[in-house]
Structures are given as structure tokens and as C-alpha cells.
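# Coordinates in review
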Amino acid sequence: MIQQIYPQVNHDFQYELNKDMHLSAAHFVPHESAGPCRNVHGHTYFVNVTIAGDTLDESGFLVNFKTLKNLVHGQFDHTILNEHALFQSGSPEDFPTTEVVARKISEVIQAELDQLPGKPVCVQVFVRETPTSYVVFRPKKVKSNG
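Presented here is a report on the structure given in the accompanying data block. Counting of residues starts from 1 at the beginning of each chain's written sequence and follows it residue by residue. Residues qualify for local features only when their pLDDT is at least 70, as the model is predicted, and side-chain atom pairs are given and counted only at 80 or more; totals for whole chains, interfaces and linings, by contrast, use all residues. Each side-chain value is derived from all of the structure's non-hydrogen atoms; neither hydrogens nor water enter the calculation.

## Some thoughts on the sheet that holds strand β3 (residues 79-80)
Read across the sheet, five strands follow the order β3-β1-β2-β4-β5 without closing on themselves; strand pairing throughout is mixed. Looking along the sheet, the strands with just one partner apiece sit at the ends: β3 and β5 (133-137). We call two residues in contact whenever any of their non-hydrogen atoms come within 4.5 Å of each other. To obtain each axis, a line is fitted to C-alpha atoms, and for helices this fit is confined to the stretch in contact; angles are then taken between N-to-C directions over 0 to 180 degrees. Only DSSP runs of H or I covering at least 4 residues are called helices, and only runs of E covering at least 2 are called strands; the numbering of each starts at the N terminus. Running over the sheet, helix α1 (residues 65-76) touches β1 (15-27), β2 (41-53) and β3 and is turned about 15° from β1. The sheet contacts of helix α2 (residues 98-113) involve β2, β4 (121-130) and β5, and relative to β4 the element is tilted by about 150°. If DSSP finds at least two bridges between two strands, the strands pair.

Written out as C-alpha cells, the structure reads:
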């Protein structure tokens, strides 16, 4: 078992859940400045998702770990990321760079969390693309009008 320490997220929630997973996927970055990354190539991505909240469900879970695995590993493992609709707008904001992959994972997870009664929040997604390169994505906190 690989144990990794991830950057900590400051939040005011009572519970914090972290799920580690890895997935093998190929991608390419369709931009001239991407150099050799313009060619299709693959990675074994290591992903850590941090979910926080105050309310547990009827099973005593903040979120079921299997749900998170299905959302990320189940959707992206052994695929070509560029073939997913999430990465096909043609905009640089949707090119499957590690930064965008982390953001898209956060968005996919948050869409599912928004359906849960306890309204947990995806506060951080860590994506390691290579042994020496990783990205941390933290969604901006929504400001309330109160």
C-alpha cells in the first residue's frame, strides 16, 4: 500500500474524507506549445479526493468510498481522456492537462455530492501525473449573500 501525505485544506467542516485511487489513461494536449505532449501518451495517475461535510448519511457515511471510486476510476480508467465529452469543447480550459483533469474530477464529484441530503463538498483534488509532477485543485468557495 502506498501512503502519501497530501496538502491540507482549511475548512470548518466536522468530517473530512480522503479517497486515494489510481487510474491508467492516455491523453494528448492539442496545442502547439505542448511540445511532445501533443502526441498521444499515457500515465498512471494517482488521484486523491478530499470531501468534507457536517452530516453523515443513514449508513453513517459522509460519502461511500465506492461512490467516489465509481465516479473517477469507473469513468476514466483505461480510456483516452480526449474522447470524453468533458474534454471536447475545443477550448484550452478543457484540454486534458493535469490541471484540467483535476478540475473536471472535482466537478464530476461535486455534481454527485449536490444530490446528497447532507450536501458534502469536494474541497480538494490532488492529481499526480508523474513521480515528480502533480496538481492540486481547490474549488473557490461560493460567497453567500448573507
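## Comments concerning the pattern of salt bridges
What counts as a salt bridge is simple: a side-chain nitrogen of Lys or Arg found within 4 Å of a carboxyl oxygen of Asp or Glu. Counted by the stated rule, this structure contains five salt bridges. Of the charged contacts in the structure, one is a salt bridge between R103 and E93, with a shortest N-O distance of 3.6 Å. Residue R103 is located in helix α2, and its partner E93 is located in the loop between β3 and α2; the two are separated by ten residues in the primary sequence. Residue burial is assigned from relative accessible area. The probe radius is 1.4 Å, only protein chains are included, and a residue is buried under 20% of its type maximum, exposed over 50%, and partly exposed in between. Given the relative accessible area of 16%, R103 is considered buried. With a shortest N-O distance of 3.2 Å, R103 and E107 are connected by a salt bridge. Separated by four residues within a single helix, R103 and E107 lie in helix α2, roughly one turn from each other. One connected set of salt bridges, linked through shared partners, spans E93, D94, R103, K104 and E107.

## Let's talk about the packing of aromatic side chains
Classification of ring pairs uses Phe, Tyr and Trp, with its six-membered ring standing for Trp, and accepts pairs whose centres are within 6.5 Å; under 30 degrees between planes counts as stacked, over 60 as edge-to-face, and the remaining range as tilted. Throughout the structure, instances matching the rule amount to three aromatic pairs. Feature note: the residues Y6, F126 and Y134 constitute an aromatic cluster, connected by ring pairs.

## Let's talk about α1
Counting along an α-helix, one turn takes 3.6 residues, and residues three or four places apart therefore face a common direction. How far a helix is expected to stretch is found by multiplying one less than its residue total by 1.5 Å. A rise of 1.5 Å per residue sets the reference length of α1, with its twelve residues, at 16 Å; its end C-alpha atoms lie 16 Å apart and thus fit the reference within 8%. For α1, the complete set of buried residues consists of L68, L71, V72 and F76. One side of α1 holds all its buried residues, which, seen down the axis, span an arc of 70°. Turned more than 90 degrees from where α1 packs its buried face, K66 and G74 sit exposed. Contact partners of the buried residues in α1: β1, β2, β3 and α2. Nitrogen and oxygen atoms within 3.5 Å of one another constitute a polar contact, given that in protein one can donate a hydrogen and the other can accept it, and given that sequence-neighbouring residues count only through two side-chain atoms. For α1, the N-terminal cap is N64; the gap from its side-chain oxygen to the backbone nitrogen of K66 is 2.8 Å. At the exit of α1 stands H78, carrying a positive phi of roughly 55°. Each C-beta atom gives one direction from the helix axis, and the arc is the one those directions make.

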